[in-house]
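Chain by chain, the residues:
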Amino acid sequence: MNKIYFISDCHFNHDKEFIWKERGYNSIKEMNEDIVKKWNSIIDDNDIIYHLGDLALGNVDEAIKYIKQLKGQIHLIRGNHCTDNKVERYKELDNIIDIKYADMIKYKKWSFYLSHYPTMMGCWADQKKLWNISGHTHSKDKFENKEHKVYNVAADAHDCKPVEIEQIIKDIKEIE
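Residues numbered from 1 in each chain as written. Predicted model: local features only at pLDDT ≥ 70, side-chain atom pairs only at ≥ 80, totals over all residues. Heavy atoms only, no water.

Caption draft 1: Representation of the packing of aromatic side chains. Taken as a whole and judged by the stated rule, the model has five aromatic pairs. Measuring from centroid to centroid gives 6.0 Å for W110 and F112, while their planes differ by 5°, and the two rings are stacked. With respect to class, W110 is no different from F112; both count as buried. Ring geometry for W131 and F143: centres 6.0 Å apart, planes at 70°, overall edge-to-face. Separated by 12 residues along the polypeptide, W131 in strand β7 (residues 130-134) and F143 in the loop between β7 and β8 (150-152) bring together distant segments of the chain. Both residues of the pair, W131 and F143, belong to the buried class. Taken together, the ring pairs in this structure connect W131, F143 and Y151 into an aromatic cluster. (Phe/Tyr/Trp six-rings, centres within 6.5 Å; stacked < 30°, edge-to-face > 60°. Buried < 20%, exposed > 50% of the residue type's maximum accessible area, 1.4 Å probe, protein only. Helix = DSSP H or I, 4+ residues; strand = E, 2+ residues; numbered from the N terminus.)

Now the structure itself:
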């Protein structure tokens with residue numbers, strides 16, 4: 001059975017030290033290669049993966065070389081660094097299934113609003129199983145905004161690895 005995973009803010013080929021150095025890498029190349037390695041050690045070709053924005057920054061041709069190597073069926077949510085030019089290039093890739101500004105998915109009894117930017121979902125009892133999954137902030141805390149039901153899947157919060165939906169639900173249940 002195909003699994004569902006999430007990640008955001010991979011920032012392939014981002015040449016600023018505050019990205020790759022903060023993640024513990026010695027170079028942009030080391031970061032790019034390690035993210036591909038970690039991703040492909042978890043994801044199978046038929047798995048569904050939602051990348052919630054900022055897939056790449058910097059030289060897009062160089063970034064595409066890494067993105068092409070990623071396993072899975074990638075649904076891309078646009079982030080603040082997802083320019084129209086990059087989006088057009090992403091559309092050419094076989095592993096990118098679709099590109100949206102946001103999405104909503106249902107899984108078992110849960111509903112998840114998928115976005116790049118954190119979105120407050122409220123705390124109403126009748127919406128207990130409605131959460132936002134997002135990134136953008138580069139926080140290392142997967143629950144930096146739990147009172148508003150936001151789960152952070154930024155690469156920075158998960159050792160640059162995708163997070164499986166069952167793990168997200170388990171994490172949410174542990175804090176409720």
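Caption draft 2: Layout of the sheet that holds strand β9 (residues 163-164). The sheet built from five strands is open, its strands ordered β4-β3-β2-β1-β9 with mixed pairing. Where the open sheet ends on each side, the last strands, each with one partner, are β4 (96-100) and β9. Of the strand pairs in this sheet, strand β1 (residues 4-7) and strand β2 (residues 48-51) are connected by four bridges, and their pairing is parallel. Directly across from I4, in β2, lies its bridge partner I48. (Pairing = 2+ DSSP bridges.)

Caption draft 3: Local environment of the sheet that holds strand β6 (residues 110-114). Spatial ordering of the open sheet is given by β5-β6-β7-β8, a layout of four strands whose pairing is mixed. Of all strands in the sheet, those bounded by a partner on one side alone are β5 (103-107) and β8. Sheet twist, expressed as the average angle between the axes of neighbouring strands with direction ignored, equals 30°. The sheet contact formed by β6 and β7 spans four bridges and is parallel. Residue L114 lies in a different strand from β7, and its bridge partner there is I133. In the packing of helix α5 (residues 165-175) onto the sheet, the strands contacted are β5, β6, β7 and β8, and the crossing angle to β6 comes to about 105°. (Axes fitted to C-alpha atoms, helices over the stretch in contact; angles between N-to-C directions. Contact = heavy atoms within 4.5 Å.)

Caption draft 4: Molecular detail of helix α2 (residues 28-42). Compared with the 21 Å implied by 1.5 Å per residue over 15 residues, the 22 Å span of α2 between its first and last C-alpha is a close match. Residues of α2 that are buried: M31, N32, D34, I35, V36, K38, W39 and N40. Close packing links the buried residues of α2 with β1, α1 (17-20), β2, α3 (60-67) and β3 (73-77). (Expected span 1.5 Å × (residues − 1).)

Caption draft 5: View of the pairing of β3. Of all five residues in β3, four are buried; the element is thus mostly enclosed. Between β2 and its parallel partner β3, the chain crosses via α3, and the hand of that crossover is right-handed. (Right-handed = clockwise from strand over helix to strand, strands pointing away.)

Caption draft 6: The pattern of salt bridges, seen in detail. Taken as a whole and assessed by the stated rule, the structure comprises 13 salt bridges. The partner of D159 in a salt bridge is K38, with the nearest N and O atoms 3.1 Å apart. Of this pair, D159 sits in the loop between β8 and β9 while K38 is found in helix α2, placing the two residues 121 residues apart along the sequence. Using a relative accessible area of 15% as the deciding quantity, one classes K38 as buried. Within the structure, one salt-bridge network assembled from shared partners comprises D34, K38, D159 and K161. (Salt bridge = Lys/Arg side-chain N within 4 Å of Asp/Glu carboxyl O.)

Caption draft 7: Structural view of the side chain of D9. In this structure, D9 sits in the loop between β1 and α1. Although D9 is buried, it forms no salt bridge, and the closest oppositely charged side chain is R23 at an N-O distance of 6.2 Å. In this structure, D9 is in contact with R23, H51, G53, D54, H116, G135, H136, H138, A154 and A155, ignoring residues within four places of it in sequence. (Lys, Arg positive; Asp, Glu negative; His and termini not counted.)

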